[in-house]
Amino acid sequence: MLIKKINELREYIRPYKANNETLGLVPTMGALHNGHLSLIKAAKEKCDRVVVSVFVNPIQFGPNEDYNKYPRTLKADYELCMKNGVDAVFSPSPEEMYGAGFILSNDNLTYVCPPYNFTDKLCGKSRVGHFDGVCTVVNKLFNIVQPDFAFFGEKDAQQLIIIKKMVKDLNIPIEIIGCPIVRETGGLALSSRNKYLSENGKKEALLLSKILQNIKKCYKQGIINVDLLKETAFSFLNNNVELEYLEIYDSDTLEEKQEADDNSRAFIACRVEGVRLIDNIKLGE
Ligand code: PAF
């Protein structure tokens, strides 16, 4: 079932809620790939009913980012969801979510703003306001769908950590389930943005996972100094890959430490053919 209106979604979930059936939400921006399917599978295993939201959220894109060009493939996404046992796809318009003639600014909209210590680094550094937009829309989706469980991919690890923090800080009665990164053969983490890459670009992009794998290997061999671990990346880099960041932080708090431990995570962002790609790996797993 495809639902575009908030009140229709509320009507739809009412009998399931009354029946005490567990509800899982998989929030997405569409252009679904196997990474999303792994979230759907996890949701199906854990919940009686599964709702997938498909909404390209304007307030999480910066003015120079790819909001207009972000792939929109609702028909294919809907068919894929139905084929995979999803109960309902919720795909509202921006007007439905933010009001007719919406003007998106802090002057007009109540935002949910995660703490600075979680957003002043990694993707938050170059994408100022991005996580305010993410937390705001995720909160709205939580209030609309009222799931018991919500499923997010570990590829966007900073997003997952921030959403867990928001849920804890705001006492939101929803359990957040993080699901492992799904990779192509060769190691490239699946992302809707991989569509923008040429075949050659995809080969160049393998560098991200190679750098992360090597850092993990070095950690397992006994190197724990974070600067030394980061330096191991230099020999991999070339002119086709523009490094935005490579950092090692705590997996739960995003704190910076001088010595890595099993809960440390290496995070990387690079541009390949102008496409911004991110990846991460937990060192202790
Ligand atoms: O990860 C995404 O696709 C988006 O950031 C999310 C969580 C659906 C919010 O728009």
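Our subject is the structure that appears above.
It should be emphasised that the depicted structure is a prediction, and the values quoted were computed from it without experimental measurement.

*Asks:* I keep staring at empty space enclosed by the protein and nothing clicks. Help me out?
*Replies:* A water-sized probe, rolled over the atoms, reveals where empty space remains. Within the structure shown, the criterion is met by two cavities of 30 Å³ or more. Lining the largest cavity are 48 residues; nearest its centre among them are H36, Y70, K155, D156 and Q159. Looking at the lining of the largest cavity, the elements that each hand over two or more residues are β2 (23–28), α2 (34–46), α6 (122–126), α7 (130–145), β5 (149–153), α8 (157–169), β8 (264–272) and β9 (275–282). If you tally residues by element for the lining of the largest cavity, the top one is α7, at six residues. In terms of residue class, the lining of the largest cavity is made up of 25 nonpolar, 16 polar and seven charged. K155, L188, A189, S191, N194, A205, L208, L277 and I278 together form the lining of the second largest cavity. Broken down by secondary-structure element, the contributors of at least two residues to the lining of the second largest cavity are α9 (199–220) and β9. Among the residues forming the lining of the second largest cavity, the class breakdown is six nonpolar, two polar and one charged.

*Asks:* Sorry if this is basic, but what is going on with the layout of surface pockets here?
*Replies:* Its volume calculated, the largest pocket comes out at about 270 Å³. Lining the largest pocket are 13 residues, with D66, R193, R271, G274 and R276 positioned closest to its centre. Among the residues forming the lining of the largest pocket, the class breakdown is two nonpolar, three polar and eight charged. Taken as a whole, the second largest pocket spans an internal volume of roughly 210 Å³. Lining the second largest pocket are 17 residues, with V54, F55, V56, R72 and S91 positioned closest to its centre. Per-class residue counts for the lining of the second largest pocket are 10 nonpolar, four polar and three charged.

*Asks:* Teacher, can you tell me more about the sheet that holds strand β1 (residues 2–3) here?
*Replies:* Strand pairing in a sheet relies on backbone hydrogen bonds. The paired strands run either parallel or antiparallel. In spatial order, the strands read β1-β4-β3-β2-β5-β6; together these six strands make up an open sheet with parallel pairing. What marks the edges here is a single partner per strand, and that holds for β1 and β6 (175–179). Sheet topology places β2 next to β5; two bridges connect them, and they run parallel. Looking at β5, one finds that G24 is bridged to F149. Packed on one face of the sheet, α8 meets β5 and β6 and runs near 170 degrees to β6.

Rules behind the numbers
Residues numbered from 1 in each chain as written. Predicted model: local features only at pLDDT ≥ 70, side-chain atom pairs only at ≥ 80, totals over all residues. Heavy atoms only, no water. 1 Å grid on protein atoms, 1.4 Å probe; cavity = no way out; pocket = protein on both sides within 12 Å on 5 of 7 lines; lining within 4 Å. Points joined across faces, edges and corners; volume = space filled by probe spheres on them. Helix = DSSP H or I, 4+ residues; strand = E, 2+ residues; numbered from the N terminus. Nonpolar A, V, L, I, M, F, W, Y, C, P; charged D, E, K, R; others polar. Pairing = 2+ DSSP bridges. Contact = heavy atoms within 4.5 Å. Axes fitted to C-alpha atoms, helices over the stretch in contact; angles between N-to-C directions.

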